[in-house]
There are 2 protein chains.
Amino acid sequence: MSVRHLDRLLEPTSVCVIGASDRAGSVGATVWRNLRAGAFAGAIHAVNPRHATLDGVACHAAVADLPTAPDLAVICTPPGTVAGLIEQLGRLGTRAAIVMTAGLDSAEKQAVLDAARPHLLRILGPNCIGLLTPRLGLNASFAHTDALAGDLAFISQSGALVTAVLDWARARRIGFSTLVSLGERADVDFGDILDHLASDEHTRSILLYIESIESPRKFMSAARAAARNKPVIVVKAGRAGKGVKAEASHTGALAGSDIVFDAAIRRAGMLRVDTLQDLFMAAETLARFGGNRDDTLTIMTNGGGGGVMAADAAALAGVTLGDLSEATRARLDAALPPTWSHANPVDIIGDAPAHRYVDTLQALLDDRASGAVLFLHAPTAIVRSDEVARACAPLVREARDRVMACWLGDAAVAEARSVFAEAGVADYETPEEAVRAFAMLGTYSAHHRVRNQIQPQPVDKFRPKRTNC
Amino acid sequence: MSVRHLDRLLEPTSVCVIGASDRAGSVGATVWRNLRAGAFAGAIHAVNPRHATLDGVACHAAVADLPTAPDLAVICTPPGTVAGLIEQLGRLGTRAAIVMTAGLDSAEKQAVLDAARPHLLRILGPNCIGLLTPRLGLNASFAHTDALAGDLAFISQSGALVTAVLDWARARRIGFSTLVSLGERADVDFGDILDHLASDEHTRSILLYIESIESPRKFMSAARAAARNKPVIVVKAGRAGKGVKAEASHTGALAGSDIVFDAAIRRAGMLRVDTLQDLFMAAETLARFGGNRDDTLTIMTNGGGGGVMAADAAALAGVTLGDLSEATRARLDAALPPTWSHANPVDIIGDAPAHRYVDTLQALLDDRASGAVLFLHAPTAIVRSDEVARACAPLVREARDRVMACWLGDAAVAEARSVFAEAGVADYETPEEAVRAFAMLGTYSAHHRVRNQIQPQPVDKFRPKRTNC
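Novice: Hey, could you run me through the relation of the copies chain A and chain B in this one?
Specialist: Taken together, a rotation about one axis and a shift along it account for how the two chain copies relate. Each copy superposes on the other: chain A lies on chain B with an RMSD of 0.0 Å after a rotation of 180° and an axial shift of 0.0 Å. Overall, the copies show the geometry of a two-fold rotation axis. Both copies present the same face, since 100% of the interface residues in chain A are matched by interface residues at the equivalent positions in chain B.

Written out as structure tokens, the structure is:
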């Protein structure tokens, strides 16, 4: 395991695209367009003997023609060309390359590694869609869109899931420190990137999509180090029967024993989730609500049904719904109609105008004993959802590490969701999902406590065994 | 239990709103607007002594002034007025009323029932948001939107969940035969509506949101009858600890034992789901994919990761992924690049242009042994998702009872989702959700088989016991 030159890969100051092109729908054209479209401040070069210029930028015929060695080279040329290019790049002084090319056979892969080794040149891929480091305006990928800057990192064995996460996150204004598609992991693997991100000040939490791990010892060491510093959430796919088969045909590796992996994840202090939905949920939770440290949850709702579903989910997930303090109950008595629920869940009744939401939220947030607040809303004809959202926005913006939101519905609440997203509040599709996200944070803290209880072995009673020799 | 006059409630030919108003944000104004906005072909009357006209329609001062007895009266006036109004309506000849008014105490509720009984006038509510029968253009509710016509029925103890389901379904173009908010169920309850819908030719499947059942025997009898004819899916909330407490404070009833309820649901041939997400999923599945009878699933995907997640989910849910037949494999060999997965999941590789999706889908659908097909797509920069969707639309429209879709992502696939929704194809957020929906259909069929195995006791060996007397 080594983090050597990973900074060149993830934070390059100059990039060169080999096989850059303007042929619509080609990888070379997409990478070139993505790189140029971003706000990347460093130099960008193109290499392709078939073009003199691309978009008005000089295009070099060969690597040898490049004016200086780029930090990072992105290679989109046929399998047989890659090893030769790596050798030329290494001699020039480049220390990192992304190989997007698919279909390299094992001899070609070995040739690439052999060409890279003398120069300690790091290879991401082959057969990957590249990486994005949004704070640098760097989109060195052939994804269909770019990412917002933020403090989540996503490292994926599947390129398709990078594009899915990108698209999903953009709509929710969730930002990333980096997104990396590992592809076939000829060189750079999960362990390397984890090791780098463990001490990356721009990354507050890490999401992993794993199908298989080739170097478990290296992975575990990096995982432990990373999870000590920040939350690490893992989806490990290929866990069951046919899943293993599908995965074996995907990136050419066999899944390890799922039970062993499960235990290892827990031991390393990472959290495993089962589905893409849970991965998305974890991303939302960590990005927005990650700072929360509350043990109890208070539910406020404008409809009994949502409150009941949330309370059910809390009971099933072992989440404690706090009792309202006398003082808070008195404040709510003054602010709410007499038919309010007088308990947690706090049902403010379906005819609630916007100020009733504000008064309730204020009363709950003023009382630390309320813990975190799940804000639940079903559409009504009495008041527009966006009006409620705007009225509550200043409050939730201040308390975003204590508020989770669930706007039930679709078009009628789209604007409200957007207002809350703008305010930085975690938002969930259903009350059950919000409660599970809250429980997940709790589970995560529990993992951490378990790991931190494992103390290093005391050595003060150790005496070396002496032998007379 | 009685279905008497429920036709007047659910399929009235004339409606009167008592307490109709033009005061923005009031229940009376919202109901009046909803009723007028729909395409309801029957007569619509307003009663309110404070208005001479409403929107240019004559407004009557009292029930006695109505020109004829409306089939259905919608009452939005204060608690103390309701019983008197019911009596007047009954005398006039009206046989169904929706009482939206909240806050009736038990004496007032009893007075309402006493006033209704001599006329066999049926009461929906009190404290409900009303009902919609979209095929008649009837929106007798104070929901914020209306519904599309379709063949799903949704019956809910929570009004808020009716608005949430309405909003969610509208965005997905899912239609309803009827949506009913039961409120406090002074008269009309789950058993009554189920009994009516069991033989309603416009309703193909039924969704229930239940917190508590007051007349279990009546409910079970109706449920058995309904579930014999069509799928009945149930969310039963208030199942656990605090959930029970929240629900007790909601519509004034105590939850029964959850285990008993669970067994009863199974015995009646209904299917229980746990979360709102599952209820939505069930609605999507029944509305679009409900006719499917396949045992096996074939996954096609443009990205390995999604395929692995789907195969994992299938293994966990006990869904069989069929093996590809020799003939289909040969057709796919001819249509796909050599790097395709050569197995189920069928990975058509991330660089797939639109025609590759079409060729693959055609090959799978032409082979009955493929069973149902899960169409999985992650966004790529190679081809626009909506282009893929449009190319596949004619095929999937024809085979919509064999295709489930999952367009991973958000904005980049929104148009594609819309094209598939237009084609009537079931669409899911994640591969896991699609697989669970498929498994749900299987579970449902299994329930049905179990129920149908319970034969009536043979009576041919029965001999009456004779006594000499």
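Novice: For this particular structure, what's the right way to read the interface of chain A and chain B?
Specialist: The accessible area lost on association of the parts is a frequent measure of interface size. Taken together, the contact pairs 73 residues of chain A with 74 residues of chain B. Contributing elements (two or more residues each) for the side of chain A that touches chain B: helix H5 (159-171), helix H8 (241-251), helix H10 (276-289), helix H11 (304-317), helix H15 (411-422) and helix H16 (431-453) of chain A. When residues of the side of chain A that touches chain B are assigned to their parent elements, the largest contribution, eleven residues, is made by H11 of chain A. Per-class residue counts for the side of chain A that touches chain B are 32 nonpolar, 28 polar and 13 charged.

Novice: Honestly, the pairing of strand S4 (residues 57-60) of chain B in this entry has me stumped. Any pointers?
Specialist: All names here are of chain B. As paired elements, strand S2 (residues 43-47) and S4 share two bridges and run parallel to each other. Bridge pairing in S4 places Ala46 opposite Cys59. Of the pairings in the sheet, the one linking strand S3 (residues 53-54) to S4 comprises two bridges and is antiparallel in character. Residue Leu54 lies in a different strand from S4, and its bridge partner there is Val57. Between S3 and S4, which pair antiparallel one after the other, the connecting turn spans two residues, and Asp55 there sits at a positive phi close to 50°.

Novice: Teacher, can you tell me more about the pairing of strand S10 (residues 148-156) of chain B here?
Specialist: One face of the sheet, then the other: side chains in a regular strand alternate in exactly this way. Residue and element names in this part refer to chain B. Strand direction decides the pairing type here: S10 and strand S11 (residues 175-181), joined by seven bridges, are parallel. The residue bridging Ser156 from the neighbouring strand is Ser181, located in S11. Regarding the hand of the β-α-β motif, the stretch spanning S10, helix H5 (residues 159-171) and S11 is right-handed. The pairing of S10 with strand S12 (residues 205-210) spans five bridges and is parallel. The partner of Ala153 across the bridge, within S12, is Ile206.

Novice: What exactly am I supposed to notice about unusual backbone geometry here?
Specialist: Trans peptide bonds make up most of the peptide bonds, and negative phi angles are found at most residues other than glycine. Residues and elements named next belong to chain A. Following Gly125, the chain continues to Pro126 via a peptide bond in cis, the omega torsion being -5°. Here Pro126 shows up in the loop between strand S7 (122-124) and strand S8 (130-133). Notably, Asn127 is not glycine yet its phi reads approximately 60°, a positive angle. Along the chain, Asn127 falls in the loop between S7 and S8.

Novice: How do you make sense of the domain arrangement of chain A when you look at a structure like this?
Specialist: Residue and element names in this part refer to chain A. Each assigned domain of chain A is listed with its residue range as follows: domain 1 (7-143), domain 2 (147-290) and domain 3 (292-447). When each unit is reduced to the centre of its C-alpha atoms, the spacing between domain 2 and domain 3 is 30 Å. Across the contact, twelve residues belong to domain 2 and 18 residues belong to domain 3. The element that contributes the greatest number of residues to the side of domain 2 that touches domain 3 is H10, accounting for six residues. Looking at the side of domain 2 that touches domain 3 residue by residue, the classes come out as five nonpolar, two polar and five charged.

Novice: How should I be thinking about the sheet that holds strand S8 (residues 130-133) of chain B in this particular structure?
Specialist: Picture the strands of a sheet paired through backbone hydrogen bonds; they go either parallel or antiparallel. Residues and elements named next belong to chain B. The seven strands are arranged S9-S8-S11-S10-S12-S13-S14 in an open sheet whose pairing can be described as mixed. The open sheet has two edge strands with one neighbour each: strand S9 (138-141) and strand S14 (271-273). Neighbouring strand axes in the sheet, compared pairwise and without regard to direction, differ in orientation by 20° on average. With two bridges joining them, S8 and S11 adopt antiparallel strand pairing. Note that in S11 the partner of Leu132 across the bridge is Leu179.

Novice: Looking at this structure, I do not really get helix H9 (residues 258-268) of chain B. What am I missing?
Specialist: Residues spaced three or four apart along an α-helix face the same direction, because each turn holds 3.6 residues. Residues and elements named next belong to chain B. Within H9, the full set of buried residues consists of Phe261, Ala264, Ile265 and Ala268. Projection of H9 onto a plane perpendicular to its axis shows the buried side chains occupying an angular sector of 100°, all on one side. Residues Ile259 and Ala263 are exposed on H9 and point more than 90 degrees away from its buried face. Summarising the contacts, the buried residues of H9 are in contact with helix H7 (216-229), strand S13 (232-236) and S14. Phi for Gly269, located one or two positions after H9, is positive at around 85°.

Novice: It is not clear to me how the packing of helix H13 (residues 354-366) of chain B against helix H14 (residues 385-398) of chain B should be interpreted in this structure. Could you clarify?
Specialist: Packed helix pairs are specified by the crossing angle of their axes together with the interaxial distance, meaning the distance between the axes. All names here are of chain B. The interhelical angle for the contact between H13 and H14, taken along N-to-C directions, is 25°, at an axis separation of 8 Å. One way to sum up the angle between H13 and H14 is to call them roughly parallel. When the axes of H13 and H14 are compared, the crossing they make is right-handed. Residues Ala354, His355, Tyr357, Val358, Leu361, Gln362 and Leu365 of H13 touch H14, and the partners they reach there are Glu387, Val388, Ala391, Cys392 and Leu395.

Thresholds, definitions, all that
- Residues numbered from 1 in each chain as written.
- Chains lettered and ligands numbered in written order.
- Predicted model: local features only at pLDDT ≥ 70, side-chain atom pairs only at ≥ 80, totals over all residues.
- Least-squares fit on C-alpha atoms with pLDDT ≥ 70 in both.
- Contact = placed C-beta atoms within 7 Å.
- Helix = DSSP H or I, 4+ residues; strand = E, 2+ residues; numbered from the N terminus.
- Nonpolar A, V, L, I, M, F, W, Y, C, P; charged D, E, K, R; others polar.
- Pairing = 2+ DSSP bridges.
- Right-handed = clockwise from strand over helix to strand, strands pointing away.
- Domains from an automatic or database assignment.
- Axes fitted to C-alpha atoms, helices over the stretch in contact; angles between N-to-C directions.
- Buried ≥ 20, exposed ≤ 12 C-beta atoms within 10 Å, placed from the backbone.
- Arc of directions from axis to C-beta.
- Parallel < 35°, antiparallel > 145°, perpendicular 65-115°, else oblique.
- Left-handed = near helix turned anticlockwise from the far one by under 90°.

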